[in-house]
Amino acid sequence: MSPADPRPAADPTPSAEEPATGRPRTAPVGPVDSSVVPRYAGIATFARLPRLDEVGRADVAVVGIPFDSGVSYRPGARFAPAAVREASRLLRPYHPALDVSPFAAVQVADAGDIAVNPFDIGQAVATVEQEVGELAATGASVVTVGGDHTLSLPLLRAAARLHGPVALLHFDAHLDTWDTYFGEPYTHGTPFRRAVEEGLLDTEALSHIGTRGPLYGKADLDEDQRLGFGIVTAADVMRRGVDETVAQVRERIGDRPLYVSVDIDVLDPAHAPGTGTPEAGGLTSRELLEILRGLDGTRIVGADVVEVAPAYDHADITSVAASHVAYDLVSLLALRRAAA
């Protein structure tokens, strides 16, 4: 352990058996101690957590995928993993709203970035599916920081391989169920149509939250409904409130394994200016976080946070919001893993 990077040491006393191997498990290694090393010092990992190669295993792994070759408007999401890690320096180890210390409850680690081909979307999709699948096969629940929304397709492939067709809660200004862009089937606007077509999703438990803005035509909504999606628009959240929204989506999800995908443009541009396809009239960051916290007790198996484009950000507003979203997702997974 470097004097410049002190972390709470793992307790050598076994606390439980590791489910996958039966070997004794030591207490989790947590973030760098901010009372010793200031938050602005040292190498940025998510929430100043240890790297995966430093701890050898993780119950929850945060992985970055710097990729934005699937965007249809403003590029730049390839720089999101680094920006979100920097913004996460201020995150602290206790989550009062969920009453959990996620980094003490289970081992959480930063798994670094997956390097993907920026010139071949099909190859990039295959690489993500393989590498996230291998990470999940170690027993880790994976929270991905993208990157553009194209990435949700291979992430859902990896999740479905382990859990079968999953329920989906999709936070976004847009439907992302279009067929193609310029004839291309893999883009940030098509992942969930492909996922339905491939049988990755439980079509009785699919929900969009936060959609708004103009569409190409009414047929977009008809097609989305045909695929099995229910919609809670941003205006619905405003009128009904967080509690009713949570109750509605929880009823639709039931006890199915759940994947959560958060496009940061679900937030109003006032709360997330740094994104590729901003739409007026979105959720506040408070609404988004409270809806996520309402998922405590559901069977979350994986999640992603995508479409942060730091070049359009101001005062790191978007990166800060995304880091808190990822922290809440990590905390929900930690609660579930600790209770298992």
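Quick look at the structure, then. The shown structure was predicted, so the numbers you read here are calculated from the model rather than taken from an experiment.

**Section: the nonpolar core**
Side chains of nonpolar character tend, in soluble globular proteins, to be buried together.
Part 1: Core analysis: the largest hydrophobic core is formed by 53 residues, its most contacted members being Phe 46, Phe 171 and Val 260.
Part 2: For this core, the element with the highest residue contribution is helix 11 (residues 317-339), accounting for 10 residues.
Part 3: Residue contacts for Val 260: discarding those within four places in its chain leaves Leu 169, Phe 171, Leu 292, Leu 295, Ile 300, Gly 302, Ala 303, Asp 304 and Leu 329.
Part 4: With 36 residues, the next largest nonpolar core counts Phe 67, Ala 160, Leu 206 and Phe 229 among its residues.

**What to know about the environment of Glu 204**
Part 1: Note that Glu 204 resides in strand 7 (residues 201-211).
Part 2: The spatial distance from the C-alpha of Glu 204 to the C-alpha of Thr 277 is 28 Å, given a sequence separation of 73 residues.
Part 3: The contacts of Glu 204, once residues within four sequence positions are left out, are Arg 252 and Arg 256.
Part 4: Reaching out from Glu 204, the side chain makes a polar contact with the side chain of Arg 256 at a distance of 3.5 Å.

**Things to note about the side chain of Arg 85**
Part 1: By the secondary structure assignment, Arg 85 is in helix 2 (residues 80-87).
Part 2: Given a relative accessible area of 11%, Arg 85 falls into the buried group.
Part 3: Engagement of the side chain of Arg 85 in a polar contact is seen with the side chain of Asp 110, the distance being 2.7 Å.
Part 4: At 3.2 Å, the side chain of Arg 85 and the backbone oxygen of Gly 112 are in polar contact.
Part 5: Beyond its immediate sequence surroundings of up to four residues, Arg 85 is in contact with Ala 44, Thr 45, Phe 46, Gly 64, Asp 110, Gly 112 and Asp 113.

Calculation criteria
Residues numbered from 1 in each chain as written. Predicted model: local features only at pLDDT ≥ 70, side-chain atom pairs only at ≥ 80, totals over all residues. Heavy atoms only, no water. Core = buried A, V, L, I, M, F, W, Y, C linked by side-chain atoms within 4.5 Å. Buried < 20%, exposed > 50% of the residue type's maximum accessible area, 1.4 Å probe, protein only. Helix = DSSP H or I, 4+ residues; strand = E, 2+ residues; numbered from the N terminus. Contact = heavy atoms within 4.5 Å. Polar contact = N/O pair within 3.5 Å; in protein donor to acceptor, adjacent residues only side chain to side chain.

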